[in-house]
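Inside the fold
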Amino acid sequence: MAKHALHTTVPELFALVGPPGAGKSTVAARVRPGAVVISLDAERGVAGCCPADQAATPAAVARATERARAALRAGATVVWDATNTVAEHRRLLLELAAAHGARATALVVLPELATVLARNARRDATPCPGCGWPRRVPDGVVRRAHAAVTLAAPALTAEGWDRVEWDGLSQRRDTSGTYRDAPASMVAVMSVQHGLHVSHAGDDGEMLVLGHPPLERAVAAFTAEEALIGDCPLLDPAALRRCWALLDRPGPDWEVTYIDTPAPGAFPVTITTV
Ligand SMILES: Nc1ncnc2c1ncn2[C@@H]1O[C@H](COP(=O)(O)OP(=O)(O)O)[C@@H](O)[C@H]1O
Ligand SMILES: [Mg+2]
Ligand SMILES: [Zn+2]
């Protein structure tokens, strides 16, 4: 009999995506029982002076990457606890997952900006005597990180993540499929319908599917009563428009401007009208 080890577990990589103070480390601890949680803060504490020691970031990333490789090779589930607000950092994590045949999930942690600022404000602002970095992050950094995640989140699927999950979102969905009491930061940019990430489904049936996925896989149409996915008979391919969207005002009253060519800050969209 051939002696082949059967790999019965598919490794998984969960990447937290959220601003400092969002609650990522809290979420990371309960993603999966037994998961290997790799925290850049913790690795900074090992490689450098303390979790705030920014000079230790390159060494911390190297350590974290080695630990993640070993765990994924062993078929484990890895939770990568860092802000991941930068597209390049997320791309490296996607490569890491792909190199190990791991399923890659982006787990967005994005409470309201005021909540995140308040959580950050509870942290110690005193510079560490060892490295000079305080645990509390300047408000401007939190605001920029919050905006970066708000803008990046709708396009995460198109970026290559196998799944995009929003912390706290599934519990807020009522039987009509509407999200109740969800932070505006979530509702404004995105709702999840049948696993697809849709930024907006208007009263008149207009919808917006983010990304430029293959049409047969990911185009969806929504009405108040039903969601039509895949080879949706209501969809006239000629009515589809692939373009780029600029989000003018993140928040409940967001507005989108559609443009025909890529531009800084614009994300790809496929739009149609049902
Ligand atoms: N759901 C929550 N409700 C209330 N406080 C929370 C919640 N999640 C996290 N916190 C608190 O907010 C602060 C920041 O959380 P943390 O997980 O460390 O954020 P991050 O890792 O994103 O910087 C911590 O003091 C934590 O206890
Ligand atoms: Mg943390
Ligand atoms: Zn320090």
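Figured I'd write up the structure that's included with this text. (Residues numbered from 1 in each chain as written. Chains lettered and ligands numbered in written order. Predicted model: local features only at pLDDT ≥ 70, side-chain atom pairs only at ≥ 80, totals over all residues. Heavy atoms only, no water.)

Quick look at helix α6 (residues 139-152) now. Here α6 is 14 residues long and its end C-alpha atoms lie 20 Å apart, about the 20 Å a rise of 1.5 Å per residue gives. Every buried residue belonging to α6 is among Val142, Ala145, His146, Val149, Thr150 and Ala152, and all of these are buried. (Helix = DSSP H or I, 4+ residues; strand = E, 2+ residues; numbered from the N terminus. Expected span 1.5 Å × (residues − 1). Buried < 20%, exposed > 50% of the residue type's maximum accessible area, 1.4 Å probe, protein only.)

This part takes up the coordination of the zinc ion (ligand 3). Within the protein, Cys49 (SG), Cys50 (SG), Cys128 (SG) and Cys131 (SG) serve as the donor atoms for the zinc ion (ligand 3), at 2.2 to 2.4 Å. What the four donor atoms of the zinc ion (ligand 3) show is an angle range of 98 to 122 degrees at the metal, which sorts the shape as tetrahedral. When the donors of the zinc ion (ligand 3) are listed by position in the chain, the intervening gaps give C-C-x77-C-x2-C. Taken as a pair, Cys49 in the loop between α2 (40-47) and α3 (57-73) and Cys131 in the loop between α5 (113-121) and α6 lie far apart in primary sequence, 82 residues in all. (Donors = N, O, S within 2.8 Å, 3.2 Å for Na, K, Ca; no water. Tetrahedral: all angles 85-135°; square planar, octahedral: opposite > 155°, others 65-115°.)

The subject of this paragraph is the nonpolar core. Here is a general trend for soluble globular proteins: nonpolar side chains tend to be buried in one another's company. Formed by 28 residues in total, the largest nonpolar core has its most connected members in Val78, Trp80, Leu93, Val108, Leu156 and Trp161. Looking at this core, the element that brings in the most residues is α3, giving five residues. Not counting residues within four places of it along the chain, the set of residues in contact with Leu156 comprises Arg90, Ala106, Val108, Trp161 and Val164. (Core = buried A, V, L, I, M, F, W, Y, C linked by side-chain atoms within 4.5 Å. Contact = heavy atoms within 4.5 Å.)

Burial runs high along strand β3 (residues 77-81): five of the five residues are buried. Burial along β3 is two-sided: Thr77, Val79 and Asp81 and Val78 and Trp80, pointing in opposite directions, are all buried. Both strand β1 (residues 12-17) and β3 contribute to a ladder of four bridges, which runs parallel. If you follow Leu13 over to β3, its bridge partner there is Val78. Two elements, strand β2 (residues 36-39) and β3, share four bridges in a ladder whose sense is parallel. Bridge assignment links Ile38 to a residue of β3, and that residue is Trp80. (Pairing = 2+ DSSP bridges.)

Let us look at the environment of Val79. Within the secondary structure, Val79 sits in strand β3. On the accessibility criterion, Val79 (0% relative accessible area) is buried. As for Val79 and Val27, which are separated by 52 residues in sequence, their C-alpha atoms are 9.8 Å apart.

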